[in-house]
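Architecture at a glance
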Amino acid sequence: MWFANFFIAGSITMVLPFISLYIEEFGNFTDSYVQTWSGWIFGITFVTAFIFSPVWGRIGDKYGRKKILIISASGLGLSVLLMGFASSVWELFLLRLFMGIFTGFIPMSQAMISTQTPRRIAGQVLGTLQTGSITGALMGPLLGGVLADAFGYASTFKWISITIFLSGIIVLFGVREILIQFSDENQEQVSYSTKEVLMHIIRNPVLLVVMLISTLVQIAHFSIQPILSLYVAEIHGPASIAFYSGMAFSAAGLGNLLMAKRWGRLGDRIGYTKIMIFLLFMAGIVYLPGAFVTNIWQLVVLRFLLGISIGGLVPVRVAYIRQEAPLSMQGEVLGYNTSLRFLGNIIGPALGGMLAGFFGFSAVFFVTSGLLLIGGVIMLGAWYKHEYEGKRTHSLSSS
């Protein structure tokens, strides 16, 4: 499953560096036209993914997640293959929309692994799985650029589709799913209605906050991405701008890669909620100095520290959901969690661009840091109320 996630994450990110350049091949367009459509074509995938993630999660709960992973890989591979034959902006837009329907491979793999893994080591295993997608995401843009230079943009899409289909083959022949069977003596329900799933989330305030934090973390992660290269140019100058921008992007991924498994293991030992609270405060603190950097190396170090903190939040959140949601509804709950993540992917770039346009680059760091710190406070409050006030109330009622 690690290799499948590696191929999927790498394949999806391979196309990001040259989507705008591919659009330019469709006609003689103005810079404004290309930039506008690049944004729409990039974002539409997250919109459809936001809608369909809970649907796939519910189907996975009912029929098995391995089948959904194969369908997802097939849909992704087909959509990317057809992008290599696109001849207009609208065709590329519709194919990216179609791609979003199936962009749930990595979250679904997390759901599958979480249900197949003992609770005591869920964080460690999910952290290891996370390193596969991170490694692919780090290498994807680099390999995509090399392929595009060597074979052209259209051919690169076709080559990328092969790696996605390969991921589906790996799952088909290399992954075994043990479907959970519930006996009459087992207190676990075989299935839940959508209303019951939503009520379970709402009635568990810590779980609800954890899922809302998913949106917040993605907003924080994506708010700086549309303007990072411009910010690098401002503090470093135009020399080798692509190289230094890539370094700033990759620094966060490297920190994520190094620490995701370790945070998951620590969460298994001392509690997932405690780790999430700590990482939210850490992320908020290391985000703020980004507004005051004066050279590129300061920014790279801060991005590395941000990657360390935000990277640990993904496996720990999924492990917590694994702990709090009954097995027969975990796929749908994780589907809602994935939808909230994609919502953050949509809001983050728009918020970052708006703040930078009206108030300057520093405003992005100030606001994002504040949002992360507020998230930490909310998480701390929900955890305290659940852990201490709840126990105190129970103790008094018992007396």
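Each chain carries its own residue numbering, running from 1 in the written order of its sequence. With pLDDT at 70 or above as the cut-off, local features in this predicted model cover only qualifying residues; side-chain atom pairs require 80 or more to be listed or tallied, and sums for whole chains, interfaces and linings still use all residues. Excluded from the side-chain calculation are hydrogens and water; included are all heavy atoms of the structure.

**Quick look at the packing of aromatic side chains**
Keep this limit in mind: Aromatic pairs are defined between Phe, Tyr and Trp rings, using the six-membered ring for Trp, whenever the two ring centres lie within 6.5 Å; interplanar angles under 30 degrees are classed as stacked, those over 60 as edge-to-face, and all others as tilted. By definition, any uninterrupted DSSP run of H or I lasting at least four residues is a helix, any uninterrupted run of E lasting at least two residues is a strand, and each is numbered from the N terminus. Using a 1.4 Å probe on the protein chains alone, a residue whose accessible area is under 20% of its type maximum counts as buried, one over 50% counts as exposed, and one in between counts as partly exposed.
Tallied over the entire structure, the rule returns 16 aromatic pairs. Consider the rings of Y22 and F157, whose centres lie 4.9 Å apart with planes at 40 degrees: the pair is tilted. Of this pair, Y22 sits in helix 2 (residues 19-24) while F157 sits in helix 8 (residues 153-174); the two residues are 135 residues apart in sequence, bridging distant segments of the chain. Assigned by exposure class, Y22 and F157 land together as buried.

**Regarding the side chain of R317**
Inclusion rule: The charge count includes Lys and Arg as positive and Asp and Glu as negative, but it does not include His or the ends of the chains. By convention in these notes, a salt bridge is any Lys or Arg side-chain nitrogen within 4 Å of a carboxyl oxygen on Asp or Glu. The contact rule is simple, with two residues in contact once any of their heavy atoms fall within 4.5 Å.
Along the polypeptide, R317 turns up in helix 14 (residues 296-324). In this structure R317 is buried but unpaired, with E324 as the nearest side chain of opposite charge at 14 Å. Apart from the residues within four sequence positions on either side, R317 is in contact with V210, S214, V217, M276, N337 and R341.

**Considering a nonpolar patch on the surface**
Inclusion rule: What makes a patch is a set of residues exposed beyond 30% relative accessible area and free of salt bridges, joined within 9 Å when like-charged and within 5 Å when nonpolar (Val, Leu, Ile, Met, Phe, Trp, Tyr). Here, Shrake-Rupley sampling with a 1.4 Å probe gives the accessible areas, and only protein chains in the shown set may cover a residue.
A cluster of nonpolar side chains, V47, F50, I51, F52, V55, I59, Y63, I346 and I347, forms an exposed patch at the surface whose accessible area comes to about 690 Å². Of all the secondary-structure elements, those providing two or more residues to the nonpolar patch are helix 3 (31-63) and helix 15 (330-359). Per-element accounting of the nonpolar patch gives the leading share, seven residues, to helix 3. In this fold, F50 is placed in helix 3.

**Some remarks on the nonpolar core**
So the rule is basically this: Only buried residues count toward a nonpolar core, which is a set of Ala, Val, Leu, Ile, Met, Phe, Trp, Tyr and Cys residues joined through side-chain atoms within 4.5 Å.
M211, L299, V333 and M379 are the most contacted members of the largest nonpolar core, which totals 65 residues. Those elements that provide at least two residues to this core are helix 9 (194-203), helix 10 (205-223), helix 11 (228-236), helix 12 (241-270), helix 13 (272-287), helix 14, helix 15 and helix 16 (361-398). Looking at this core, the element that brings in the most residues is helix 14, giving 13 residues. Beyond its immediate stretch of four places on either side in the chain, M211 contacts I201, I321, V333, Y336, N337 and L340.

**Quick word on the packing of helix 13 against helix 14**
Note the threshold: The axes are straight lines fitted to the C-alpha atoms, using for helices just the contacting stretch, and the angles between their N-to-C directions are given from 0 to 180°. The scheme is simple: roughly parallel for angles under 35 degrees, roughly antiparallel for over 145, roughly perpendicular for 65 to 115, oblique for anything else. The sense of a crossing depends on the near helix, which, turned anticlockwise from the far helix by less than a right angle, makes the crossing left-handed and, turned clockwise, makes it right-handed. Residues were grouped as follows: Ala, Val, Leu, Ile, Met, Phe, Trp, Tyr, Cys and Pro as nonpolar; Asp, Glu, Lys and Arg as charged; and all remaining residues, including Gly, as polar.
Look at helix 13 against helix 14: their axes get within 9 Å of each other, and the N-to-C directions meet at 155 degrees. It follows that helix 13 is roughly antiparallel to helix 14 by the angle criterion. In this structure, the crossing between helix 13 and helix 14 has a hand that is left-handed. Grouping the amino acids of the contact of helix 13 with helix 14 by side-chain chemistry returns 18 nonpolar, four polar and one charged.

**Here we look at the environment of I213**
With respect to the helices and strands, the residue I213 is situated in helix 10. With relative accessibility at 5%, the residue I213 sits in the buried group. As for I213 and R341, which are separated by 128 residues in sequence, their C-alpha atoms are 8.7 Å apart. With residues near it in sequence (within four places) discarded, I213 still touches L280, G375 and M379.

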